Amino acid sequence: MLTIAIAKGRMQQDALALLARAGARVGAEALASRRLAVEDESGGYRFVFVKPADVPVYVEHGIADCGVVGRDVLLESEADVLQPLDLRINRCRIAVAAREGGRGGRPGVLHVATKYPRVAAAHFGARGVPVEIIELSGSVELAPVLGLADCIVDLVETGRTLAENGLRVVETITESTGRLVVNRASYQLKAEAVGRLVRELSRVLADGAEVTGAGGGAGA
Ligand code: PRP
């Protein structure tokens, strides 16, 4: 049996829709429940639902053989996991954003609020821009509005959250989509099962362009 860690939240529905088409289908009853670990109908897979940032942790430690998580999370994580497939779900970007009409005008070091401290530090570091990173865990768009930061580095999917809070993209840092990640040991020790999953997912991806779940949410 393969254990697959799924990032809860915006990616979950599309990840499960894609996996179902690849032969790993969770029954409606299990999906409707609040159970955090469920088996698929074939008995070949067990799914565990965890916070996005915890997916690489479970996979690196081999508690989960595989995982589905955004590239944004992987860039921020230092986990040593294999990334055999771009699943092309939940397409979005990591961007620098600031208030409409400027970066706020505070002199000196640029204050950057973000859930992605490593990505943000690397981005500004590479440009030689001195910054102070202010790490937040959510609702990052509030920081420039309330004067906590000059700008933010955050995920932009539809752009709605930025627009509705009077912010605009200053610069795109990188694109992000959902990825299949695999534990290094599982890749060897469960080569047949992992290989089958990768093959089936590749076939599904080749069949249909973008995969969207029942409720949509795959992004633009
Ligand atoms: C993410 C991100 C933005 C928003 C972008 O937050 O941090 O806030 O989604 O989406 P949009 O461009 O479609 O508006 P999330 O919903 O994960 O919640 P959080 O702010 O609590 O992290």
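Computed from a prediction, not measured in an experiment: that's the story for all the values here.

A. Spotlight on the domain arrangement of the chain. By the assigned domains, the chain splits into domain 1 (2-90 + 177-206) and domain 2 (92-175). Contacts between the two partners involve nine residues from domain 1, matched on the other side by 11 residues from domain 2. Buried surface at the junction of domain 1 and domain 2, summed over both partners, amounts to about 920 Å²; 42% is from carbon and sulfur atoms. At the boundary of domain 1 with domain 2, the tally comes to two salt bridges. With a closest N to O distance of 3.5 Å, arginine 118 and glutamate 78 form a salt bridge. Counting every contact that joins domain 1 to domain 2 gives nine residue pairs in polar contact (both at pLDDT 80 or more).

B. Inspection of the layout of surface pockets at higher detail. Here the largest pocket defines a volume of roughly 790 Å³. Taken together, 34 residues make up the lining of the largest pocket; nearest its centre are Arg10, Asp72, Lys115, Tyr116 and Leu155. Elements represented by at least two residues in the lining of the largest pocket include exactly β4 (66-70), α4 (71-76), β9 (151-156) and α7 (160-164). Taken together, the residues of the lining of the largest pocket sort by class into 12 nonpolar, 10 polar and 12 charged.

Cut-offs and rules
- Residues numbered from 1 in each chain as written.
- Predicted model: local features only at pLDDT ≥ 70, side-chain atom pairs only at ≥ 80, totals over all residues.
- Heavy atoms only, no water.
- Domains from an automatic or database assignment.
- Contact = heavy atoms within 4.5 Å.
- Buried area = accessible area lost by both parts, 1.4 Å probe.
- Salt bridge = Lys/Arg side-chain N within 4 Å of Asp/Glu carboxyl O.
- Polar contact = N/O pair within 3.5 Å; in protein donor to acceptor, adjacent residues only side chain to side chain.
- 1 Å grid on protein atoms, 1.4 Å probe; cavity = no way out; pocket = protein on both sides within 12 Å on 5 of 7 lines; lining within 4 Å.
- Points joined across faces, edges and corners; volume = space filled by probe spheres on them.
- Helix = DSSP H or I, 4+ residues; strand = E, 2+ residues; numbered from the N terminus.
- Nonpolar A, V, L, I, M, F, W, Y, C, P; charged D, E, K, R; others polar.

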